[in-house]
Amino acid sequence: MSSENPTGARQWPGYRAKPSHDPGQSLVFPGPVPAELRALGQEVRAADWPVRLAFRPSRMALLDTLCRWQTLRALAYVHVLAAGTADARLLDDLRVVPGAETAADPALSEVPGRLERYALALPPDLVDAVVREAGGLLTDNRFTASVLAAGLSADSRPADTDEAVSRAVVLTSYWYETPEQRGALALAWSANLFVRSWLWWSASFTYGDPAGGIGITADPRPARPAASALPAWAIGLLERASG
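Residues numbered from 1 in each chain as written. Predicted model: local features only at pLDDT ≥ 70, side-chain atom pairs only at ≥ 80, totals over all residues. Heavy atoms only, no water.

Draft legend 1. Quick look at the packing of helix H3 (residues 57-83) against helix H6 (residues 111-120). The contact between H3 and H6 brings their axes to 8 Å, and the two run at 45°. The pairing of H3 with H6 is recorded here as oblique in orientation. Crossing geometry of H3 relative to H6 is assigned as left-handed. Taking contact as the criterion, the partners of Arg68, Trp69, Leu72, Arg73, Leu75, Ala76 and His79 in H3 are, on H6, Val111, Pro112, Gly113, Leu115, Glu116, Tyr118 and Ala119. Among the residues forming the contact of H3 with H6, the class breakdown is 9 nonpolar, 2 polar and 3 charged. (Axes fitted to C-alpha atoms, helices over the stretch in contact; angles between N-to-C directions. Helix = DSSP H or I, 4+ residues; strand = E, 2+ residues; numbered from the N terminus. Parallel < 35°, antiparallel > 145°, perpendicular 65-115°, else oblique. Left-handed = near helix turned anticlockwise from the far one by under 90°. Contact = heavy atoms within 4.5 Å. Nonpolar A, V, L, I, M, F, W, Y, C, P; charged D, E, K, R; others polar.)

As structure tokens, then:
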């Protein structure tokens, strides 16, 4: 595939946007996704979330690292979908699954930074959709923890039912017991959801259905969360979402 410069001028043949009923917002209509890029869709949503609960500082730092890595990874993949192409190095980076081992591997320490360059080079309307969806998850909702935990656990492609349940229980516990981690978890969930929605829509319709569907973004969208509700590493995403 051809190379691209995430900081330069971009064309975005992979989607189109239409004005929303929500003032200042736009609806996102994905176009067709090439087969070789679609094949990454399952893999890129998988992270090795913990299967054992622990609240020591090192485990909290690891959870934050995994959330950052997975959020940026999913958004970098959205960059690929929007551009319709990617260079070989980016594709290799996307295939690295965040987990305790990869996070501790010095040879992989620069991967999140490279992914971040692509995430922050996305059009603001795409980043805004992900940030706002995370904000919606952070509002009062008695089903939030179960929805988030089930979604991230399923996306992780667990080896068996026991592993899936363990991950869901651990993520649910972290949501309730460590409120300071909620913003990071919400962003990882929202970025994965955006990828899933993009791929589903592109397989079902081309740039919108004949009946004039609303695209893959909510209309009206949830409110954008305050910076205080998000982790420090998300400030760049919040600024990009603001245009």
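Draft legend 2. Fine view of the confidence of the model for the chain. Across the chain, pLDDT averages 89, with 90% of residues at or above 70. Mean pLDDT across the elements of the chain ranges from a minimum in strand S2 (residues 26-30), with 81, to a maximum in H6, with 98. Within the model, the stretch residues 1-9 combines pLDDT values under 50 with 25 contacts to residues more than four positions away or in other chains. With pLDDT under 50 throughout, residues 210-214 is counted as low confidence; its partners more than four residues away or in other chains account for 6 contacts. (pLDDT = per-residue confidence, 0-100.)

Draft legend 3. Representation of the packing of aromatic side chains within the structure. Tallying each qualifying case throughout the model produces 5 aromatic pairs. An angle of 70° between the planes, with centres 6.0 Å apart, marks the rings of Phe194 and Trp198 as edge-to-face. In this pair, Phe194 and Trp198 are both assigned in helix H10 (residues 182-204), 4 residues apart and thus about one turn of the helix distant. Each member of the pair, Phe194 as well as Trp198, is classed as buried. Each residue in the set Tyr15, Phe194 and Trp198 is aromatic and connected to the rest through ring pairs, giving one cluster. (Phe/Tyr/Trp six-rings, centres within 6.5 Å; stacked < 30°, edge-to-face > 60°. Buried < 20%, exposed > 50% of the residue type's maximum accessible area, 1.4 Å probe, protein only.)

Draft legend 4. Here's a closer look at the nonpolar core. Trp49, Leu94, Leu126, Leu185 and Trp198 are the most contacted members of the largest nonpolar core, which totals 69 residues. With 14 residues, the single largest contributor to this core is H3. Not counting the four nearest positions on each side in its chain, Leu185 is found in contact with Leu63, Cys67, Leu148, Leu152, Leu171, Tyr174 and Trp175. (Core = buried A, V, L, I, M, F, W, Y, C linked by side-chain atoms within 4.5 Å.)

Draft legend 5. How the structure looks around the pairing of S2. By the criterion of burial, S2 is predominantly enclosed, with 5 of the 5 residues buried. Judged by which residues are buried, S2 turns out to be covered on both faces: Ser26, Val28 and Pro30 on one side and Leu27 and Phe29 on the other are all buried. Summarising the sheet, strand S1 (residues 15-19) and S2 pair through 5 bridges and their orientation is antiparallel. Bridging from a neighbouring strand, Pro19 pairs with Ser26 of S2. (Pairing = 2+ DSSP bridges.)

Draft legend 6. Summary view of the environment of Leu62. Examined against the element boundaries, Leu62 turns out to sit in helix H3. You can call Leu62 partly exposed: its relative accessible area is 21%. For Leu62 and Ala104, which are 42 residues apart along the polypeptide, the C-alpha to C-alpha distance reads 9.4 Å. Other than its neighbours up to four places away in sequence, Leu62 contacts Ala100 and Ala103.

Draft legend 7. Examining the pattern of salt bridges more closely. Scanning all chains against the criterion turns up 10 salt bridges. The partner of Asp128 in a salt bridge is Arg132, and the shortest N-O contact between them spans 2.8 Å. You can see Asp128 and its partner Arg132 sitting in helix H7 (residues 124-138), 4 residues apart, about one turn around the helix. Residue classification places Asp128 among the buried positions, given a relative accessible area of 2%. Here Arg167 makes a salt bridge to Glu163, at a shortest N to O gap of 3.5 Å. (Salt bridge = Lys/Arg side-chain N within 4 Å of Asp/Glu carboxyl O.)

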